Structure formats: C-alpha cells, structure tokens
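# Examination of the molecular architecture
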Amino acid sequence: MFRDFIIGFSLGIIFLGTFAYKAFKVSAPPLTDASRVKFKVALQPGHYLVGPLPEELKGISQASSINALLFRRKEKRLALDLALRVKEKLELAGVEVDILPVQIPPRYLADAFVAIHFDWNLDPSVRGFKVAPSDFDLSSKSSQLALYLFNSLKEIMKPYNLVTEDMSKYYAFNFKKFKHSLDSRTPAVILEVAFMSSLKEINFVQKNLDKVAEKITEGILKFLTNSSV
Ligand SMILES: [Zn+2]
C-alpha cells in the first residue's frame, strides 16, 4: 500500500514536472534567427513588377517619352540586379531586407528605404549619380541617409549635384497623397545611379555592378549604425 503510494507520488511528481517544463517552454520566447535581426531595410528597384496598379497609382510609372521608353527596359534590369546584390550584402551583415515593387504596401515601415533608378538625358555628356532625401519625411533622418549614400558612392563615381522635385517628392514618399506609400517614420531616399544616355558612365556601372552595390551597402550600413538611438 505504502509502496503503491510512493510509486503514485513519484509518477505524479514526474508528470507535474514534465507539465511545468512544457508550460515553461511554451511561454518562453522562441530563440530563432529572426530575433537577432536588428534592422530592416527596403530596396525598391525602379519600375519593378508594374502589374495592375490601384487607382491612386495609375500613371505614376509611365514613361514620358520615346527615349524614356527605350531606356526603361535597361533601367529595370540594372536596377533589379543592383538591388539584389545590395540585398545579399546587407543580409550578410545581419540586416533584414525587403525588395519592394512599384505598389508599396500601405504605410510601409522600415529603418531605411532606398529606391534605385537610372536617369537619362538628351545630352549624352551629362553624367553623375544623384541621391535625394524624401521631402515628406517626419523621421528627420532621410537627409542623413542621403548623405551617407552620397559620400560612399562618390568614392567611385562622379556626383551630379542637381536634384529635381520629382526625386524628393517621389510618389512612394508621399504618404499625404497615396495610401500605398511609406510610413512617415521611414527614412527614405531615391537614388539615380547613373545616366543611361552617357555611354561612358553606363559602361562603367555595368562593368562594376558589384562595386557599386558594395558602395550602396556601405552607405546604408553606416547610416544604420550611426543613426540608431
Ligand atoms: Zn526610373
């Protein structure tokens, strides 16, 4: 009788112990790789995945002339290639990366957003990269992101110092007008990597895509590490 009690008691302890252990295991936070991710960055290759767009975005990604149309295909290919290289490099540094299409998820929030485009000009001697911060930014960090990218890229490329309004007022930044746009707290820039109308410049970029991707990555990483509170 006493022996049965001892056995029953012991089994009870084991059962309760196992239950308590399982309960503890369930309530403990999962220790996955994702929990180590510190920063999230979004890259948007120019004109990527222009499918059927919501009403508010119709017309934003149409080429405005024959020349733009001719360059557009090449721009899309190069921008996507660059974005994927930057993504790979950022991920190696432990950063989570989203590649975003033209239609941005509504109020998209990240630690940094970089749109990657290429420009063209009627004058083939015009060349240089351009980087513009968002005019709508409420994070006050877009200018810093632009500066880090500018300083990094100018180590290997010539800058073009004129930035136009269609850059700083890029539709993805404009949360006041579009639902499919960035959250106002997302530091954001648009980068025009080179002028495709400059044979010299575009040849350089095509031959040095990985180097250009490396410089973009460096700029983003410096921004993330230096601007985090
Ligand atoms: Zn473009």
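Quantities reported herein were computed from a predicted structural model and do not represent experimental measurements.

Looking now at the overall build of the protein. Summing up its helical and strand segments, the protein has 6 helices and 5 strands in all. Counting from the amino terminus, helix and strand elements in the protein follow one another as α-β-α-β-β-β-α-α-β-α-α. Of all 229 residues assigned to the protein, the portion counted as buried reaches 36%. For the protein, long-range pairs separated by at least 24 residues make up 84% of all intrachain contacts whose partners lie at least 6 apart in sequence.

Let us now look at the environment of L191. Tracing the backbone through its elements, the reader meets L191 in strand β5 (residues 188-195). In sequence terms L191 and A132 are 59 residues apart; their C-alpha atoms lie 6.6 Å from each other. With residues up to four places along the chain from it excluded, the contact list for L191 reads V114, A115, I116, H117, F129, V131 and L149.

The next point concerns the nonpolar core. Within the largest apolar cluster, 54 residues are counted, with the highest numbers of intra-cluster contacts made by V189 and L191. Where this core is concerned, the elements lending two or more residues are β1 (40-45), α2 (66-92), β3 (112-119), β4 (130-133), α3 (142-153), β5, α5 (199-207) and α6 (209-227). When near neighbours in sequence (up to four residues on either side) are disregarded, V189 contacts V114, V131, A132, P133, S134, S142, L145, A146 and L149.

Once that is clear, we can look at α5. Of all the positions in α5, only E201, I202 and V205 are classed as buried. All buried residues of α5 project into a common sector of 95 degrees when viewed along the axis, lining one side. Residues of α5 that are exposed and point over 90 degrees away from its buried face: L199, K200, N203 and K207. Tucked into the core, α5 has its buried residues touching β5 and α6.

Procedures and definitions
- Residues numbered from 1 in each chain as written.
- Predicted model: local features only at pLDDT ≥ 70, side-chain atom pairs only at ≥ 80, totals over all residues.
- Helix = DSSP H or I, 4+ residues; strand = E, 2+ residues; numbered from the N terminus.
- Buried ≥ 20, exposed ≤ 12 C-beta atoms within 10 Å, placed from the backbone.
- Contact = placed C-beta atoms within 7 Å.
- Core = buried A, V, L, I, M, F, W, Y, C linked by C-beta atoms within 7 Å.
- Arc of directions from axis to C-beta.

Shape is all these values report; function is a separate question.
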